[in-house]
Amino acid sequence: MTNDDGLIATARGLVKTYGTGETAVRALDGVDVDFRRGELTAIMGPSGSGKSTLMHCMAGLDRPSAGDVVVDGERVSSMNERGLTKLRRTRLGFVFQAFNLVPTLTALENITLPLDIARRRVDHAHLDAVIEAVGLADRLGHKPSQLSGGQQQRVACARALVARPAVVFADEPTGNLDSTSSAEVLGFLRRSVDGLGQSVVMVTHDPTAASYAHRVLFLADGRLVGETVDPTPQSVLDALGALRATGAASVAVSGASA
Ligand SMILES: Nc1ncnc2c1ncn2[C@@H]1O[C@H](COP(=O)(O)OP(=O)(O)OP(=O)(O)O)[C@@H](O)[C@H]1O
């Protein structure tokens, strides 16, 4: 399983089909993928290539049509709804493009919300480390409406990390942010891996965002078609260009000119 081999999550033979008959869409077409513990892994690919579907199947937000998903030693693909809810609540962290903060709660209350829901004690040393890492110590009493977009997303990142999840899944975490705020959020996600030992999987369209990762995986037409290790924005752009040139990605790569 995934505990002793340096892998935090794996998928084997992952297939996801939406709909039936002539209108069926094969969003994932037999994906085998490994995500390493203690790494930031980015998933890239053209619009419609299956990035969100892959992340949702890995995180138990969507059910695969076939194949196996194992996260932190748990076979996600065969869990019932109750098991999935518990897994998401106790072992996974999520960051979405829309920050999804509770507007009536302060930044600090939003950050500790997952622990409150799970009725878990707050590990104050870890909470302080997370707050320090996101640079929000002087904003903890503010409501989301009193924070910038970048600050709100840093609250969302802190919320995802506070329960020490096995994996944080981030779906376009910088999609709503300007370049300065994006750099802050991505820098934080990377530091959470390097400094706090977190494992993060991030879907992005942006080569600059992907360059914060240890490894970038490329999807096209529901298949894994390549990867780049220790990426730079340019090496990601080059890889996307090469994929297009070889026909692996038959549609334009959105956001590739960033
Ligand atoms: N709930 C659904 N019902 C039907 N088809 C779906 C559903 N969700 C996704 N699809 C289809 O599955 C394919 C993969 O979608 P997915 O959202 O995973 O792609 P993506 O790479 O994340 O795209 P984008 O970059 O545009 O967000 C697309 O053809 C999409 O239209």
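Everything quoted here is computed from the prediction, not taken from an experiment.

Looking only at helices and strands, one finds eight helices and 10 strands in the chain. Its C-alpha atoms give the chain a radius of gyration of 18 Å, within 12% of the compact-globule value 18 Å for 258 residues. Of all 258 residues assigned to the chain, the portion counted as buried reaches 43%. Sequence separation of at least 24 residues holds for 69% of the intrachain contacts in the chain that already meet a minimum separation of 6.

Around the ligand, the surrounding shell consists of Tyr 18, Gly 19, Val 25, Ala 27, Gly 45, Ser 47, Gly 48, Ser 49, Gly 50, Lys 51, Ser 52 and Thr 53. Put simply, the parts of the chain that give the shell around the ligand at least two residues each are strand E2 (25–36) and helix H1 (51–58). Tallying contributions element by element places H1 first for the shell around the ligand, with three residues. Of the residues belonging to the shell around the ligand, the class tally is three nonpolar, eight polar and one charged.

Further remarks concern the UniProt feature "domain: ABC transporter" (unreviewed entry) in the chain. The UniProt record annotates "domain: ABC transporter" (unreviewed entry) at residues 9–246. Secondary structure across residues 9–246 divides into 37% helix and 26% strand, with the first and last C-alpha atoms of the span separated by 29 Å.

Pairing within the open sheet is mixed, and its six strands lie in the order E6-E7-E8-E3-E9-E10. Both edges of this open sheet fall to strand E6 (92–96) and strand E10 (223–229), since each of them pairs with a single strand only. Taken pair by pair, the neighbouring strands of this sheet meet at an average axis angle of 20°, ignoring direction. Across six bridges, strand E9 (residues 215–220) lies against E10 in antiparallel orientation.

Glycine aside, negative phi is the norm for most residues, and most peptide bonds take the trans geometry. Even without being glycine, Asn 100 reaches a positive phi, approximately 60°. Relative to the elements of secondary structure, Asn 100 occurs in the loop between E6 and helix H3 (107–117). Residues other than glycine seldom take positive phi values, yet Arg 164 does so here, at roughly 50°. When you line up the elements, Arg 164 lands in the loop between helix H5 (149–161) and strand E7 (167–171).

Quick look at the sheet that holds strand E1 (residues 7–18) now. The four strands lie next to each other as E2-E1-E4-E5, forming an open sheet whose pairing is antiparallel. Pairing within the sheet leaves two strands with one partner each, and these edge strands are E2 and strand E5 (74–75). Bridging between E1 and E2 involves nine bridges; their strand directions are antiparallel. Paired with Ala 11 across the bridge in E2 is Val 33.

The biggest cluster of nonpolar side chains holds 71 residues, and the ones touching the most others in it are Met 58, Cys 157, Ala 158, Phe 169 and Leu 189. Those residues in contact with Ala 158 that sit more than four places away from it in its chain are Ile 111, Val 130, Ile 131, Val 134 and Leu 136.

Turning our attention to helix H6 (residues 179–194). Working note: α-helix, 3.6 residues per turn, so residues spaced by three or four point in the same direction. Between its first and last C-alpha atoms H6 spans 22 Å; for 16 residues at 1.5 Å apiece the expected length is 22 Å, and the two agree. Among the residues making up H6, those that are buried are Ser 182, Glu 184, Val 185, Leu 186, Phe 188, Leu 189, Ser 192 and Val 193.

What follows concerns the packing of H3 against H5. It is the contact of H3 with H5, at a shortest axis distance of 7 Å, that shows an interaxial angle of 30°. As summarised for this structure, H3 and H5 are arranged roughly parallel, according to the angle between their axes. In the packing of H3 onto H5, the handedness of the crossing is right-handed. The residues of H5 that touch H3, namely those facing Ala 107, Asn 110, Ile 111, Leu 113 and Pro 114, are Val 155, Ala 158 and Arg 159. Grouping the constituent residues of the contact of H3 with H5 by class yields six nonpolar, one polar and one charged.

Attention now moves to the pairing of E7. Judged by how many residues are buried, E7 sits mostly within the fold: five of five residues are covered. Burial of the side chains of E7 extends over both faces: Val 167, Phe 169 and Asp 171 are buried on one face and Val 168 and Ala 170 on the other. Where E6 lies against E7, five bridges are found, and the strand directions are parallel. Opposite Phe 96, over in E7, you have Asp 171 as the bridge partner. Bridge count for E7 against strand E8 (residues 200–203) is four bridges, and the pairing is parallel. Across the sheet, the residue bridging to Val 168 is Val 200, located in E8.

Their axes nearest at 10 Å, the elements helix H4 (residues 124–134) and H5 cross at an angle of 155°. With respect to H5, the element H4 is oriented roughly antiparallel. Classified by chirality, the crossing of H5 by H4 is right-handed. Here Val 130, Ile 131 and Val 134 of H4 lie close against H5, whose contacting residues are Arg 154, Cys 157, Ala 158 and Leu 161. Grouping the amino acids of the contact of H4 with H5 by side-chain chemistry returns six nonpolar, no polar and one charged.

Definitions and cut-offs
Residues numbered from 1 in each chain as written. Predicted model: local features only at pLDDT ≥ 70, side-chain atom pairs only at ≥ 80, totals over all residues. Helix = DSSP H or I, 4+ residues; strand = E, 2+ residues; numbered from the N terminus. Rg over C-alpha atoms; globule rule 2.2 N^0.38 Å. Buried ≥ 20, exposed ≤ 12 C-beta atoms within 10 Å, placed from the backbone. Contact = placed C-beta atoms within 7 Å. Near = placed C-beta within 6 Å. Nonpolar A, V, L, I, M, F, W, Y, C, P; charged D, E, K, R; others polar. UniProt positions renumbered as here; feature names shortened; annotations may be inferred. Pairing = 2+ DSSP bridges. Axes fitted to C-alpha atoms, helices over the stretch in contact; angles between N-to-C directions. Core = buried A, V, L, I, M, F, W, Y, C linked by C-beta atoms within 7 Å. Expected span 1.5 Å × (residues − 1). Parallel < 35°, antiparallel > 145°, perpendicular 65-115°, else oblique. Left-handed = near helix turned anticlockwise from the far one by under 90°.

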